[in-house]
Amino acid sequence: MKTLENFINGEFVLGSNKQSFDNINPINGSLICKVSEASERDVDLAVSAARSALAGPWGKMKLAERSQMLYAVAAEIKRRFDEFLDAEVADTGKPVSLASHIDIPRGAANFEIFADIVKNVPGEYFEMPTPDGTGAINYSIRVPKGVIGVICPWNLPLLLMTWKVGPALACGNTVIVKPSEETPSTATLLGEVMNAVGVPKGVYNVIHGFGPGSAGEFLTKHPGVDAITFTGETGTGEAIMANASKGVRPVSLELGGKNAGLVFADCDIDAAIDGIGRAAFANCGQVCLGTERVYVERTIFDEFVGKLKSYAENLKLGAPQDKSTNLGPLISKEHQQKVLRYYEKAREDGAAVITGGGIPQMPEELSKGSWIQPTIWTGLAEKSAVMSEEIFGPCAHLTPFDEEDEAIRLANDTPYGLATTLWTTNLSRAHRVASQIDVGICWINSWFLRDLRTAFGGMKNSGIGREGGVHSLEFYTELRNVCVKL
Ligand code: NAD
Ligand code: 6OD
């Protein structure tokens, strides 16, 4: 049985305490491989390697050369596309049709876009008078923050990891990645890519393990880590932020959501069904930007419920390689149990189950996987746990509304503030509503349409900071002002 190793200072190494954990395939519960867990000492070695690389050839490399190297990383990901695809699909169980379309292409694009952005961002320049009349000028330079800890979730493993590693490296930092224990493979494979294209040793490191008492905590507590960028649950973000406060280290936190979709009667209903269907069910509902609360104008409510029911019932669960499959399993048995508890809670709280609500019958060879039915409810009170807590499963509750202001109030009635998707053909309404929803990202007549130059992040409990485009540069560099007396 293969053991996935840590990647430290350009080499694949077993954890020094010789402990390992299982990497399980969620489609059938089979063991994919063992994963070597990094000890505190290994994390220490990774931090030292990352720090030395800053002082070595990476730190001295010219921007143009660094940018070219990131293009080479992207090219190598594309050349080894099928290996990345197989690894991602095995770890997550997601359909090949999805991963080949989104996860792996974005893994490459995340390097290309930031390789370009760092070369095209201007600095500041100010002239100032001085009492002696000679004057002074001020200009800014961007310097890397240093060693960046990158902690990632399991839902879009390569996409979300490279979303942080791309800009961090483009800005001249070095990184230590802690992938999710559920999805360790593509981050490890990226180590081979880094070596193949000649990224200096120690620039990109991967340590495997869990959160508390393991690699995640060791990394975020390590005083040699200069900044931490994290994507995951809000509670984990709080723990990481507490660790980062020691040494006053900056954090970028992309956290959970309980996103609302708003559907107005003047929408293109078929487009809205397709958009809300994807927002609720894509990636088996395991997308932070997904929609678990949908507010639909009352005059089209019954029609909408009927059409979304058909959408959900036409989804095809199955083996990822099957071309007709468009819904995979949940990430793990543990997560399946969590989602099922919400399905039970919905029933207890009096929901009408429009479709789904349980575990689907799967063929024998998939019966040990963590499958779940796409589920739609109506009739729950706004304060129900199902309506207020992030479930992270393929489910949505539909609520009718009568007035625009009511829809806005309902959408904002949550401690989260990540994303919303709203559907209307009334241009004035679209802009008016978008400006009043308390979120970092508002899609109009679309969902998860990404321009990587734009700001990405959440309000309220959904996070701190923005990444994307120049906003990533704000986090991954320090802006230094140079004041020159003339
Ligand atoms: P999680 O918070 O459980 O784990 C994320 C990572 O943090 C894992 O690598 C885990 O090992 C590590 N970790 C856990 N506890 C830690 C600790 N105390 N110290 C350091 N590291 C620790 O999240 P998950 O279950 O992997 O992912 C799902 C969650 O991520 C959902 O809440 C989802 O909304 C959120 N998410 C948010 C975004 C976004 O952009 N806002 C994107 C994707 C996922
Ligand atoms: O597209 C992105 O850059 C991004 N960070 C997506 C997050 C998806 C959450 O599951």
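Since the structure is predicted, the reported quantities are computational estimates derived from the model, not experimental observations.

## Things to note about the packing of helix H4 (residues 81-92) against helix H7 (residues 185-197)
No. 1: Running from amino to carboxyl end, H4 crosses H7 at an angle of 160 degrees, the nearest separation of the two axes being 9 Å. With respect to each other, H4 and H7 are oriented roughly antiparallel. For the element pair H4 and H7, the recorded crossing hand is right-handed. Residues Glu83, Phe84, Ala87, Glu88 and Asp91 of H4 form the contact with H7, whose participating residues are Ser185, Thr186, Leu189, Leu190 and Val193.

## Examining the site of ligand 2
No. 1: Near ligand 2 you find 13 residues, and of these Arg106, Asn155, Leu160, Cys288 and Arg450 are the closest.
No. 2: Residue arginine 106 places a side-chain N or O atom 2.8 Å away from an oxygen atom belonging to ligand 2.
No. 3: In isolation ligand 2 exposes 310 Å². Once the protein is present, 99% of that is buried.
No. 4: In terms of residue count, helix H6 (residues 157-170) provides more of the shell around ligand 2 than any other element does, three residues in total.
No. 5: Across the shell around ligand 2, the residue classes break down as nine nonpolar, one polar and three charged.
No. 6: A domain split of the shell around ligand 2 shows at least three residues from each of domain 1 (3-255 + 462-485) and domain 2 (259-451).

## Side note on helix H5 (residues 96-117)
In an α-helix, one turn spans 3.6 residues, which is why side chains three or four residues apart end up on the same side.
No. 1: A rise of 1.5 Å per residue sets the reference length of H5, with its 22 residues, at 32 Å; its end C-alpha atoms lie 30 Å apart and thus fit the reference within 8%.
No. 2: At arginine 106, H5 is deflected by roughly 35 degrees, the largest bend along its length.

## Structural notes on the pattern of salt bridges
No. 1: In total, this model carries 25 salt bridges according to the counting rule given.
No. 2: Salt-bridge contacts for lysine 34 lead to aspartate 22; the nearest nitrogen and oxygen are separated by 2.5 Å. With lysine 34 in strand E5 (residues 31-36) and aspartate 22 in strand E4 (residues 20-24), this residue pair connects regions lying twelve residues apart in the sequence.
No. 3: Residue class for aspartate 22 comes out partly exposed when judged on its relative accessible area of 39%.
No. 4: With a shortest N-O distance of 2.9 Å, glutamate 76 and arginine 79 are connected by a salt bridge. Of this pair, glutamate 76 and arginine 79 both sit in helix H3 (residues 63-79), three residues apart, which is roughly one turn of that helix.
No. 5: Among the charged side chains, a network of salt bridges with common partners joins Asp266, Glu404, Arg429 and Arg432.

## Observations concerning helix H14 (residues 404-412)
No. 1: Along H14, the positions that sit buried rather than exposed are Glu404, Ala407, Ile408, Leu410, Ala411 and Asn412.
No. 2: Contacts made by the buried residues of H14 are with strand E13 (259-263), strand E14 (291-297), strand E17 (395-401), helix H15 (427-434) and strand E21 (459-460).

## Here we look at the domain arrangement of the chain
No. 1: Each assigned domain of the chain is listed with its residue range as follows: domain 1 (3-255 + 462-485) and domain 2 (259-451).
No. 2: Taken residue by residue, the interface counts 25 residues in domain 1 and 29 residues in domain 2.
No. 3: The contact between domain 1 and domain 2 buries some 2100 Å² in all, and 60% of this surface belongs to carbon and sulfur atoms.
No. 4: It is Ile27, Trp154 and Ser462 in domain 1 that bury the most area against domain 2; as a group they hold 27% of the surface buried on that side.
No. 5: For the interface between domain 1 and domain 2, the tally reads zero salt bridges.
No. 6: Along the contact surface separating domain 1 from domain 2 lie nine residue pairs in polar contact (both at pLDDT 80 or more).
No. 7: Looking at the side of domain 1 that touches domain 2, the elements with two or more residues in it are H4 and H5.
No. 8: Residues that form the side of domain 1 that touches domain 2 fall into these classes: ten nonpolar, nine polar and six charged.

## Focus on the site of ligand 1
No. 1: Near ligand 1 there are 29 residues, and of these Lys178, Glu181, Thr236, Leu255 and Glu390 occur at the shortest range.
No. 2: Residue glutamate 181 places a side-chain N or O atom 2.7 Å away from an oxygen atom belonging to ligand 1.
No. 3: Protein chains bury 92% of the 850 Å² of accessible surface belonging to ligand 1 in isolation.
No. 4: Elements that contribute at least two residues to the shell around ligand 1 include exactly helix H8 (215-221), strand E11 (227-231) and helix H9 (234-245).
No. 5: Along the lines of polarity and charge, the residues of the shell around ligand 1 split into 15 nonpolar, eight polar and six charged.

## Details of the side chain of threonine 220
No. 1: Among the structural elements, threonine 220 can be located in helix H8.
No. 2: A polar contact of 3.0 Å, which involves the side chain of threonine 220, links it to the backbone oxygen of glycine 216.
No. 3: Within the local environment of threonine 220, its side chain forms a polar contact with the side chain of asparagine 243, the two groups lying 3.1 Å apart.
No. 4: Beyond its immediate sequence surroundings of up to four residues, threonine 220 is in contact with Ile151, Ile228, Ile240, Asn243, Ala244 and Arg249.

Rules used in this analysis
- Residues numbered from 1 in each chain as written.
- Chains lettered and ligands numbered in written order.
- Predicted model: local features only at pLDDT ≥ 70, side-chain atom pairs only at ≥ 80, totals over all residues.
- Heavy atoms only, no water.
- Axes fitted to C-alpha atoms, helices over the stretch in contact; angles between N-to-C directions.
- Helix = DSSP H or I, 4+ residues; strand = E, 2+ residues; numbered from the N terminus.
- Parallel < 35°, antiparallel > 145°, perpendicular 65-115°, else oblique.
- Left-handed = near helix turned anticlockwise from the far one by under 90°.
- Contact = heavy atoms within 4.5 Å.
- Near = heavy atom within 4 Å.
- Polar contact = N/O pair within 3.5 Å; in protein donor to acceptor, adjacent residues only side chain to side chain.
- Areas by Shrake-Rupley, 256 points an atom, 1.4 Å probe, with all protein chains shown as cover.
- Nonpolar A, V, L, I, M, F, W, Y, C, P; charged D, E, K, R; others polar.
- Domains from an automatic or database assignment.
- Expected span 1.5 Å × (residues − 1).
- Bend = angle between axes of the 7 residues up to and from the residue.
- Salt bridge = Lys/Arg side-chain N within 4 Å of Asp/Glu carboxyl O.
- Buried < 20%, exposed > 50% of the residue type's maximum accessible area, 1.4 Å probe, protein only.
- Buried area = accessible area lost by both parts, 1.4 Å probe.

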